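# An overview of the molecular structure
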Amino acid sequence: MAKELGIDLGTANTLAYMKGKGILMREPSVVAVDVRTDAVVEVGSKAKDMIGRTPGSIVAVSPLKDGVIADFDITATMLKHFIKMAAKTGRFSRANVVVCIPSGVTEVERQAVADAIDKAGAHVLDFLPEPKAAAMGAGLPVEDPVGSMVLDIGGGTSEVTVISLGDIVAYESVRVAGNKFDDAIIQYIRKKYDLLIGQQTAEEIKKQIGSAYPTDETTNAALQVKGRSLVDGLAKNITVTAEEIREALSDSLQLIVEAVHATLEKTPPELCADIIDHGITITGGGALLHGIAPLLHQETGMPVRVAENPLDCVVTGAGKYLELHTHSRSSERPAEKPAEKPEE
C-alpha cells in the first residue's frame, strides 16, 4: 500500500505527517549547493547551519520565497530528500502527498509545486490551503456553520482567513512574516549602530527578546549582540534592548494588523458576531513572538489566542485531512486546471 504524507511546504521550514503515524519530520527549507558543480552538499538543518559560514564555492539557499517556489530544481531535490526521510524507505516514489500551499497562489505557482513533487518521485493527492490546514490543526470547527478566524504567520507570508462550512469566506495575505522580521532587525541594527549582523543572529535576537507588545518577559530584557562594524570592519559587541527590537518590528507588525482589519471588513456580519464570541487564533512560527496576542487584542478589541503547538498546526491539519479522506485513486495526480492569465 502506498504511503500517504501531508506536507507543509513552508518558506522557512518543511514538515511531513504520515497517515497513521503522525509528524515524522521537521526540517528547515534550506539547501547548500556547490556553485562550481551545482551539486547539493547538504539539505535541511545541516544546510541551515552553513548559512553565513560557507566558503565562496558553497551557497546555502532557500528555494522557496514568500510561500512559492523560487528555484524549481533545488526545490525538487529538497523534496526528494525530505520525502525519503519521512517515508524511511528507498521506495519513496510510492509516497502520495497532500501539499499545503498559500491560498493566494496562482495556477502557475500551483503547477510548479505539482511538478516539483512529481520530479521528486511522488504523487500529489490534493492541495490544501494553508489557512484551512492551520485552522484544522488548531482544532477550530471549520466544517460547522460558524465563523472561525485564523492568522497564520509563517516564514514568508502572513495569511488572515475566515472559514465557515469548510470553505474560505474572507481572506487577506501580506508578504510580511518571520523572514521580514529578521530583515527588519538587521536593518535597524545596521542603521542605529553601524553594525552588520547575519540572518542567524537576527533570528536569535527575535526569539530571545523580540516582542510585538510590552510583556513581563521582555520589559527589561536585553541581549549582547556580536557583529562586524561598518566603520572599521572589526568585530564588535553591542547590547540591544527588547524595546529597540519592538521598534524595529513595528512597521512589519502594523502591516499584519492592517490585513486583519481588511479581512474583518470583508466578513459577513453574522460571521463577525461568531468571531467576536470565539476570537482570533494565531498559528505559525510568528505566533511565538512575545506579545503578538495582546497587540492584536488591543488593535481589534477581540479575544485572541495562540494555538497550541503553532508551528505544527498546518501539517497537523494536513494529517487530519488525510485521516478523514480516503483517496481511492491515490496513485493518480489530480486533474490540472488551466493556467490563469496574468492580470493586466
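Model, not experiment: these values are computed from the prediction.

Ranked by internal contacts, the top residues of the largest apolar core, which has 48 residues, are Leu151, Ile189, Ile197, Ile205 and Ile282. Residue contributions to this core peak at ten residues, all from helix H7 (residues 242–266). Beyond its immediate stretch of four places on either side in the chain, isoleucine 197 contacts Ile185, Ile186, Ile189, Ala202, Ile205, Val225, Lys226 and Gly227. By size, the runner-up hydrophobic cluster in this structure holds 32 residues, among which are Met25, Ile69, Val97 and Val113.

Its identity as a non-glycine residue notwithstanding, aspartate 38 has a phi of 65°, on the positive side. Within the secondary structure, aspartate 38 sits in the loop between strand S4 (31–34) and strand S5 (39–43). The class for aspartate 38 is exposed, based on a relative accessible area of 62%. Phi is positive for leucine 165, which is not a glycine, with a value near 55°. For leucine 165, the position within the fold is in the loop between strand S12 (158–164) and strand S13 (167–174).

All right, on to the sheet that holds strand S3 (residues 22–28) then. Strand order in this open sheet of five strands is S3-S2-S1-S9-S10, and the pairing throughout is mixed. In this open sheet, the two strands that pair with only one neighbour each are S3 and strand S10 (123–129). Between one strand axis and the next, the sheet turns by 20° as a mean value, whatever way the strands run. Of the strands in this sheet, strand S1 (4–9), strand S2 (13–18) and S3 touch helix H2 (residues 72–87), which is tilted by about 145° from S3.

Turning our eyes to something else, we now look at the sheet that holds S4. With antiparallel pairing, the three strands of this open sheet are ordered in space as S5-S4-S6. Two strands close off the open sheet at either side, each with one partner strand: S5 and strand S6 (58–61). The mean angle between the axes of side-by-side strands here comes to 25°, regardless of whether they run parallel or antiparallel. Of the strands in this sheet, S4, S5 and S6 are in contact with H2, which crosses S5 at around 50°.

One face of the sheet, then the other: side chains in a regular strand alternate in exactly this way. Burial runs high along strand S11 (residues 148–153): six of the six residues are buried. Residue alternation in S11 divides its side chains into two sets, Ser148, Val150 and Asp152 and Met149, Leu151 and Ile153, and both sets are buried. Sheet topology note: the S11/S12 ladder contains six bridges and is antiparallel. Residue pairing across strands places serine 148 opposite isoleucine 163, the latter belonging to S12. Between S11 and the antiparallel strand that follows it, S12, lie four residues. Here S11 pairs with strand S17 (residues 280–283) via four bridges, running parallel. Within the sheet, the bridge partner assigned to methionine 149 lies in S17 and is isoleucine 280.

In this fold, valine 231 is placed in the loop between strand S15 (222–229) and strand S16 (235–241). Take valine 231: its relative accessible area is 67%, and that puts it in the exposed class.

Under the defined criterion, the tally for this structure stands at eleven salt bridges. Ionic pairing is found between arginine 26 and aspartate 312, a salt bridge with its closest N-O pair at 2.8 Å. Of this pair, arginine 26 sits in strand S3 while aspartate 312 is found in the loop between strand S18 (304–306) and helix H10 (313–324), placing the two residues 286 residues apart along the sequence. For arginine 26, a relative accessible area of 51% translates into the label exposed. By relative accessible area, aspartate 312 is classed as buried at 12%. A salt bridge links arginine 36 to aspartate 34, with the nearest nitrogen and oxygen atoms 3.0 Å apart. When its relative accessible area of 11% is taken as the criterion, aspartate 34 is described as buried. Among the charged side chains, a salt-bridge network with shared partners connects Lys48, Glu203 and Lys207.

You can see glutamate 130 is positioned in helix H4 (residues 130–137). Here glutamate 130 occupies a buried position and makes no salt bridge, while the nearest side chain of opposite charge, arginine 175, is found at 11 Å. Excluding residues that lie within four positions of it along the chain, glutamate 130 makes contacts with Asp8, Leu9, Cys100, Ile101, Pro102, Asp152, Glu159 and Val314.

Criteria and cut-off values
Residues numbered from 1 in each chain as written. Predicted model: local features only at pLDDT ≥ 70, side-chain atom pairs only at ≥ 80, totals over all residues. Heavy atoms only, no water. Core = buried A, V, L, I, M, F, W, Y, C linked by side-chain atoms within 4.5 Å. Buried < 20%, exposed > 50% of the residue type's maximum accessible area, 1.4 Å probe, protein only. Helix = DSSP H or I, 4+ residues; strand = E, 2+ residues; numbered from the N terminus. Contact = heavy atoms within 4.5 Å. Pairing = 2+ DSSP bridges. Axes fitted to C-alpha atoms, helices over the stretch in contact; angles between N-to-C directions. Salt bridge = Lys/Arg side-chain N within 4 Å of Asp/Glu carboxyl O. Lys, Arg positive; Asp, Glu negative; His and termini not counted.

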